[in-house]
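Each chain, written out:
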Amino acid sequence: MKKMLALLLAAIMLLSLAACAKTEVPEETLAEQTEAQAPAEDDSKEIGGVDLKDDVQADKSYKEHINLSVWSNVQSLDSVVQNTGASVVMYNMFANQLVTLNEEENTFEPELAESFEIVDLTTSKFTLKKGIHFSNGEELTSEDVKFSLLDRPGTVEGAIAAYYKKIDSIEIIDDYNFIIHLNQPDPEILYALAEIECTILNKKACEESADGYLIGTGGYKVTEWVPGDKVEMEKFDDSFVWTEEGTTPTRTLTIKCMTEGSISAVQAGDVANALCAKEDLSYLNEDANVETLTFRTWGVWMLAMNQHEGSVFYDDPNLQKAVVAAFDRNMMCQFVNGEGDEAPDSLFPYYMFGYTNEYEFAKFDLDKAKEYLAASNHPDGNVTVRVLTHTNANYTAQVTVLQSMLETNLGIKVDVQQLDKAGRNAALSEGTSYDIYLMDYTAAPNGSKLQNRFELGNAADWANYSNPEIDQLYLDYLSTNDEEAQKTALARIQEIGAEELPYVPYAYQTCPVVYAKGVSGLNWKTSTKFDFHRVVWEEA
């Protein structure tokens, strides 16, 4: 135990060194940033996905112009060209989709659509809301939908094609009614249609101008766009958004690409918002001019237990179970996220469709760990477990804790390999030089999002794991719209995951943010696809 405590102290010192200066968020995608969240005790506001304060009050004065920040250089506002967390902040100001995902309930709500019906696995009927106009004055019709989802240049090219490739045709009934026909069954089509890539554009504007994608139906319209620098916007008074939600006193916005200096700009009152790191919270919470918030995201920290024949776990499930039982996931979770947080209780994250915690998952039990070790191919503990991870200091801290737990609790040797991206990719592809991969991933809430983790040969199958029953269960899930049948299939996948433990999640990622005092209406979504179109800033 003394050795374990010493290693834990060493890990904490690593974090302290990494956090010795005030941290500005680096230029990278939010998904990459959430990989690098530093473990620290969180003394900000309670965890929650949305910061929606009191509605605008008639007896208060609000700024007509607000500066917002995004954390990377956005080079395009065309959603089929660039889709990052930073660009989504901009898109959400002027763009809309047919439906929107309620992230708290994992359900879909109409946005541009008045109603929708999933007729069967290949057929969906939609009715548009009448009287919606684009910022160029054109009324939204079914022709705009067909153009945006089927005929628009770029929708069948590159990775973006995944959002469109299943659409076979769009049958227009009239200006407000249409039917989407798929070329293959897909019970998850609404998840795709809610994505920013499926923004509905004005056909006429796009055919007349290369910048037609800047014409939207949202609450603001683009007045100036400087790629990599900023976008200027003004309120689109005729947007259906304000009709449905009530108006806003905010007349104009500047959204700045700020790869550095955003936190100090919030403190100075120059911009409304910024991402921050956990080590920034201690001094930000002492600043009376700002507020902070920390919320869970769709990111998960996890161990992938390698099943490749070159791994020590190959044909030795008892050794694998011993390692998992000796891994105190709650202790690691609190090391990452602060006291009081709890480790995931299932293979599936809590927000995913079909999630269940019915099956006991990866319980920390030292007596069981020793029993499993005694029944393994290495009952004397004379074995080395090789752990692969990233070079970032935060990974160093976590892998140090893992090493401490396994060496202390089981008496086995742990060899740590921290490699850069190219080195990791080579090791993962080759598959024989590691036994555990300590990593993080981000997954959307649709039930099939972890399917590629179980497809042998898929680059995302870091555990080199396959199971024919799981393969069939995913096929069962994807071949029906019966919700109970879907949940039954997904529950069985989680049951198998609890039995065979190819993947062991141990913490949800969190995202700390800072915003100026008096700012409200910032929708900090757990997906990190932030929606700030309701932002207001009370005058001091």
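Basis of the calculations
Residues numbered from 1 in each chain as written. Predicted model: local features only at pLDDT ≥ 70, side-chain atom pairs only at ≥ 80, totals over all residues. Heavy atoms only, no water. Pairing = 2+ DSSP bridges. Helix = DSSP H or I, 4+ residues; strand = E, 2+ residues; numbered from the N terminus. Axes fitted to C-alpha atoms, helices over the stretch in contact; angles between N-to-C directions. Contact = heavy atoms within 4.5 Å. Parallel < 35°, antiparallel > 145°, perpendicular 65-115°, else oblique. Left-handed = near helix turned anticlockwise from the far one by under 90°. Core = buried A, V, L, I, M, F, W, Y, C linked by side-chain atoms within 4.5 Å. Buried < 20%, exposed > 50% of the residue type's maximum accessible area, 1.4 Å probe, protein only. Polar contact = N/O pair within 3.5 Å; in protein donor to acceptor, adjacent residues only side chain to side chain. Salt bridge = Lys/Arg side-chain N within 4 Å of Asp/Glu carboxyl O.

Engineer: Help me understand the sheet that holds strand 10 (residues 252-257) in this model?
Structural biologist: Strand pairing in a sheet relies on backbone hydrogen bonds. The paired strands run either parallel or antiparallel. Ordered by their spatial adjacency, four strands build an open sheet running 1-10-9-8, and the pairing between neighbours is mixed. Two strands close off the open sheet at either side, each with one partner strand: strand 1 (65-70) and strand 8 (220-226). Pairwise comparison of adjacent strand axes, ignoring direction, gives a mean angle of 20° for this sheet. Across six bridges, the pairing between strand 1 and strand 10 is parallel. Across the sheet, Ser 69 pairs through a bridge with Lys 256, a residue of strand 10. Helix 3 (residues 85-94) contacts strand 1, strand 8, strand 9 (230-235) and strand 10 of the sheet and is inclined by roughly 165° relative to strand 10.

Engineer: Quick question: what am I supposed to make of the packing of helix 10 (residues 317-325) against helix 12 (residues 366-374) here?
Structural biologist: Two measures define how a pair of helices packs: the angle their axes make with one another and the distance between the axes. Between helix 10 and helix 12, the least distance of the axes is 8 Å, while the angle of their chain directions is 160°. Relative to helix 12, the element helix 10 is oriented roughly antiparallel. As for how helix 10 packs across helix 12, the hand of that crossing is left-handed. Contact residues: Asn 318, Leu 319, Lys 321, Ala 322 and Ala 325 in helix 10; Leu 366, Ala 369, Tyr 372 and Leu 373 in helix 12.

Engineer: How should the nonpolar core be read in this particular structure?
Structural biologist: The nonpolar side chains of a soluble globular protein tend to be buried, and buried together. One finds Leu 68, Leu 77, Leu 98 and Leu 149 to be the most contacted residues of the largest nonpolar core, which totals 161 residues. Not counting chain neighbours up to four residues away, the residues in contact with Leu 98 comprise Pro 110, Glu 111, Leu 112, Ala 113, Phe 126, Leu 128, Val 145, Leu 149, Phe 178, Leu 193 and Ile 200.

Engineer: For this particular structure, what's the right way to read the environment of Asp 435?
Structural biologist: Residue position: Asp 435 is located in the loop between helix 14 (421-430) and strand 15 (436-442). Judged by relative accessible area, which is 0%, Asp 435 ranks as buried. For the pair Asp 435 and Val 312, spaced 123 residues apart in sequence, the C-alpha separation works out to 6.4 Å. Of note is the side chain of Asp 435, whose polar atom sits 3.2 Å from the side chain of Ser 311. Polar side-chain contacts of Asp 435 include one of 3.0 Å to the backbone nitrogen of Val 312.

Engineer: Please explain the pattern of salt bridges as it appears in this structure.
Structural biologist: Think of it this way: side chains of opposite charge can pair up when their charged atoms draw near. Counting across every chain of the model gives 20 salt bridges. Note that Asp 237 is salt-bridged to Arg 251, the shortest N-O span being 3.0 Å. Residue Asp 237 is located in the loop between strand 9 and helix 7 (240-245), and its partner Arg 251 is located in the loop between helix 7 and strand 10; the two are separated by 14 residues in the primary sequence. Look at Asp 237 and you get partly exposed, because its relative accessible area is 43%. Among the ionic pairs, Asp 435 bridges to Arg 386, the shortest N-O distance being 2.9 Å. Taken together, the residues Asp 435 in the loop between helix 14 and strand 15 and Arg 386 in strand 13 (residues 384-389) connect sequence positions 49 residues apart.

Structural measurements only, silent on function.
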